[in-house]
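Now for the letters of each chain:
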Amino acid sequence: MMIKSDVIFFLYRRAHLRNCLEKLKMLVPLGPETSRHTTLGLLTKAKRFIKQDEKENQKKKREKRKKERKKERKRERKKKMKKKKRRRRRRRRRTKKNTKN
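- Going by the annotation in an unreviewed UniProt entry, the name recorded for the protein is BHLH domain-containing protein, with Vespula vulgaris given as the source organism.
- A UniProt comment under Subcellular location (unreviewed entry) is attached to the protein, and it reads "Nucleus".

Structure follows, in structure tokens:
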């Protein structure tokens, strides 16, 4: 035997679920297949959409890290080149001083 409060709670849960599914329909691209979508179909498409979105995000993160590493290598090369130039200048100065004496 169901109590009145149980029935109200059940109806509330059902309405809440329906509301959540409507929101999900708006978020997930469903495509023009049919005008009506089953709950299972909607959830499956949502899951696929989320996985695809995660893959794209991971790919973007990898690309970003790759660019950052490339920039860092470029900075390191630039530092090394500056260091080499300084060494060459010092050597030239030393050799000039030594030849003058």
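Back to the write-up after that little detour.
### Quick look at the nonpolar core
Alright, step 1. Core analysis: the largest hydrophobic core is formed by 6 residues, namely Leu 21, Leu 24, Val 28, Leu 30, Leu 42 and Ala 46.
Alright, step 2. Of all the elements in the fold, those that place two or more residues in this core are helix H1 (4–27) and helix H2 (39–100).
Alright, step 3. Excluding residues that lie within four positions of it along the chain, Leu 30 makes contacts with Lys 25, His 37, Leu 42 and Lys 45.

### Considerations on the pattern of salt bridges
Alright, step 1. The full count for this structure, using the stated rule, is 2 salt bridges.
Alright, step 2. Close ionic contact of Glu 22 with Lys 25 constitutes a salt bridge, the shortest N to O distance being 3.5 Å. Remark: Lys 25 and Glu 22 occur in helix H1; sequence separation between them is 3 residues, near one turn of the helix.
Alright, step 3. For Glu 72, the salt bridge is made with Arg 75, and the minimal N-O distance between the two is 2.6 Å. With Glu 72 and Arg 75 both in helix H2, this residue pair falls 3 residues apart, about one helical turn.

Criteria and cut-off values
Residues numbered from 1 in each chain as written. Predicted model: local features only at pLDDT ≥ 70, side-chain atom pairs only at ≥ 80, totals over all residues. Heavy atoms only, no water. UniProt positions renumbered as here; feature names shortened; annotations may be inferred. Core = buried A, V, L, I, M, F, W, Y, C linked by side-chain atoms within 4.5 Å. Buried < 20%, exposed > 50% of the residue type's maximum accessible area, 1.4 Å probe, protein only. Helix = DSSP H or I, 4+ residues; strand = E, 2+ residues; numbered from the N terminus. Contact = heavy atoms within 4.5 Å. Salt bridge = Lys/Arg side-chain N within 4 Å of Asp/Glu carboxyl O.

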